Amino acid sequence: MANLKILAIDDSPTMRRIIINTLKRAGYEDIVEAGDGKEAIAKLKVEDVNFVITDWNMPEMDGLTFVNTIRAMDEYKNLPILMVTTRSVKEDIVEALKAGVNNYIVKPFTPETLKQKIVETISK
Amino acid sequence: MKIDDIMYSKMQSEIAALASSINEIVGKFKKLQHPLTESREKVPKATEQLDKISEQTAQATHQMLDTVEGITQREEQVKQRLNTLKEKITSGNLDGAEELIDSLIKTAEQTYEDVYTIMDTLQFQDITSQQINHAASLLEEVELRLHKIISVYNGQDSSMTEECTDSEKAKRVYDPHADFSDKKATQADIDNLFARKAES
């Protein structure tokens, strides 16, 4: 838990604050944030991130494009990704799965679910 | 040329002009039919989205108010217990003081939990902002159709109107199904999909 550096990506500053607060409460203190996929890729290049939480619907670069983009880069092929989004239609979930998302939560989420999915993802 | 022939020829050209005008009007009506039908469908959808926003905002606000009311009520008890504790310390009679401190710790923990519950409920802001973007996008579509209708009547190129609106629309990002309580797939469904993928 202590050595996990999490990148939280969401275009909504409110959601970023909620996610960061929930993570801190669960014991994850090392967190960086980004407002969209493009900014997230820039952060990945300079920060030693080893876990990603990303939204789907974002301007500039959405979450799915972000996942497809980084999965095509050798250095991020195995980076654990948890998608946290409002998208709950089965076809969307399958698309995220195909893109290389490791776990998926639909908003609104409970702190317990977020915590559980992080633990599940890193232990896979 | 006889007068009848002249009259006949004039009438013939007038009827031809009239037929051409009718043809043009019919063409315009055909062009209008599609945008009108689309607009008729989009307005109720936007209204439905706005109703949903109002309902879900109220639901989230009530949840938060319930929690805040709980905290406020407990704070009254905290004040009373602290006063009792103060009296006990002042009088030097510490009987029951430990129980009082334990109950105060319990209350503080409960308040801490409640504050996080409020924070979790605030996720509605992200969901309703997507619903608002969806409703706004539907209304923009209607606006575009109306502009198209005006363009057709004025004999202007309607594709220009579409290009302008498309550049505005690109800024809006939303999930058309975003909902505070109605999830299309449960967490168990999602977990099953991921488990099946892991097995294969």
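The structure displayed is predicted, hence computed values, not measured ones.

The rules behind each value
Residues numbered from 1 in each chain as written. Chains lettered and ligands numbered in written order. Predicted model: local features only at pLDDT ≥ 70, side-chain atom pairs only at ≥ 80, totals over all residues. Heavy atoms only, no water. Helix = DSSP H or I, 4+ residues; strand = E, 2+ residues; numbered from the N terminus. Rg over C-alpha atoms; globule rule 2.2 N^0.38 Å. Buried < 20%, exposed > 50% of the residue type's maximum accessible area, 1.4 Å probe, protein only. Contact = heavy atoms within 4.5 Å. Axes fitted to C-alpha atoms, helices over the stretch in contact; angles between N-to-C directions. Parallel < 35°, antiparallel > 145°, perpendicular 65-115°, else oblique. Left-handed = near helix turned anticlockwise from the far one by under 90°. Core = buried A, V, L, I, M, F, W, Y, C linked by side-chain atoms within 4.5 Å. Phe/Tyr/Trp six-rings, centres within 6.5 Å; stacked < 30°, edge-to-face > 60°. Lys NZ or Arg CZ within 6 Å of the ring centre and 35° of its normal. Patch = residues over 30% accessible without salt bridge, like charges linked within 9 Å, V, L, I, M, F, W, Y side chains within 5 Å. Areas by Shrake-Rupley, 256 points an atom, 1.4 Å probe, with all protein chains shown as cover. Salt bridge = Lys/Arg side-chain N within 4 Å of Asp/Glu carboxyl O. Lys, Arg positive; Asp, Glu negative; His and termini not counted. Charge placed at Lys NZ, Arg CZ, Asp CG, Glu CD. Pairing = 2+ DSSP bridges.

### Quick look at the overall build of chain B
A tally of regular secondary structure across chain B gives five helices and zero strands. At 34 Å, chain B has a C-alpha radius of gyration far larger than the 16 Å of a compact globule built from 200 residues. With the C-alpha coordinates of chain B rotated into their principal frame, the extents come out at 135 × 50 × 25 Å. Here chain B holds 200 residues, and the buried ones make up 30% of them.

### A closer look at the side chain of Arg87 of chain A
Relative to the helices and strands, Arg87 of chain A is located in the loop between β4 (81–85) and α4 (90–99). Beyond its immediate sequence surroundings of up to four residues, Arg87 of chain A is in contact with Trp56, Asn57, Asp92, Ile93, Tyr104 and Val106 of chain A together with Tyr174 and Asp175 of chain B.

### Side note on the packing of helix α1 (residues 13–25) of chain A against helix α2 (residues 97–121) of chain B
At a closest axis distance of 10 Å, the pairing of α1 of chain A and α2 of chain B adopts a crossing angle of 150°. In terms of axis orientation, α1 of chain A runs roughly antiparallel to α2 of chain B. Between α1 of chain A and α2 of chain B lies a crossing of left-handed hand. When α1 of chain A is examined against α2 of chain B, the residues Ile18, Asn21, Thr22 and Arg25 of chain A are found in contact with a partner set consisting of Tyr112, Glu113, Tyr116, Met119 and Asp120 of chain B.

### Side note on the nonpolar core
In this structure, Leu7, Ile9, Leu44, Val52, Phe66, Ile70 and Tyr104 of chain A are the most contacted members of the largest nonpolar core, which totals 32 residues. For this core, the elements supplying multiple residues, two or more each, are β1 (6–9), β2 (31–34), α2 (37–46), α3 (63–71), β4, α4 and β5 (103–106) of chain A together with α5 (187–199) of chain B. Discounting residues that sit within four places of it in the chain, Leu7 of chain A has contacts with Val32, Glu33, Ala34, Ala40, Lys43, Leu44, Val49, Phe51, Val52 and Ile53 of chain A. If you look at the next biggest cluster of nonpolar residues, it comprises 21 residues, including Ile53, Val84 and Phe109 of chain A together with Met119 of chain B.

### Things to note about the packing of aromatic side chains
The tally for this structure, following the rule as stated, stands at two aromatic pairs over all chains. Relative to Phe194 of chain B, the ring of Tyr104 of chain A has its centre 6.4 Å away and its plane inclined at 35°; by these criteria the two rings are tilted. Of this pair, Tyr104 of chain A sits in strand β5 while Phe194 of chain B sits in helix α5, placing the two residues on different chains. On the basis of relative accessible area, Tyr104 of chain A is assigned to the buried category, the value being 0%. For Phe194 of chain B, a relative accessible area of 5% corresponds to the buried category. Arranged with centres 5.1 Å apart and planes meeting at 65°, the rings of Tyr112 of chain B and Tyr116 of chain B form a pair that is edge-to-face. On the criterion of helical spacing, the pair formed by Tyr112 of chain B and Tyr116 of chain B is a turn pair, its members being four residues apart in helix α2. On the basis of relative accessible area, Tyr116 of chain B is assigned to the buried category, the value being 13%. In this arrangement the basic side chain of Arg25 of chain A is found over the ring face of Tyr116 of chain B, its NZ or CZ atom lying 4.0 Å from the centre.

### Details of unusual backbone geometry
Residues and elements named next belong to chain A. That bond from Lys107 to Pro108 is cis: its omega, -5°, falls within 30 degrees of zero. Structurally, Pro108 can be placed in the loop between β5 and α5 (111–123). A positive phi angle, close to 65°, is found at Glu60, a residue other than glycine. Secondary-structure assignment places Glu60 in the loop between β3 (51–54) and α3.

### With respect to a negative patch on the surface
A grouping of Asp95, Glu98, Glu99 and Asp102 of chain B is seen on the molecular surface, where their side chains present a negatively charged patch. Within the secondary structure layout, Asp102 of chain B lies in helix α2.

### Some remarks on the pairing of β3 of chain A
Residues in a regular strand project their side chains so that they alternate between the two faces of the sheet. Residues and elements named next belong to chain A. Alternating residues of β3 divide into Phe51 and Ile53 and Val52 and Thr54, and every residue in both groups is buried. When β1 meets β3, the two strands line up parallel, connected through four bridges. In the strand pairing of β3, Ala8 is matched with Ile53. Judged from the three bridges that link them, β3 and β4 form a sheet pairing that is parallel.

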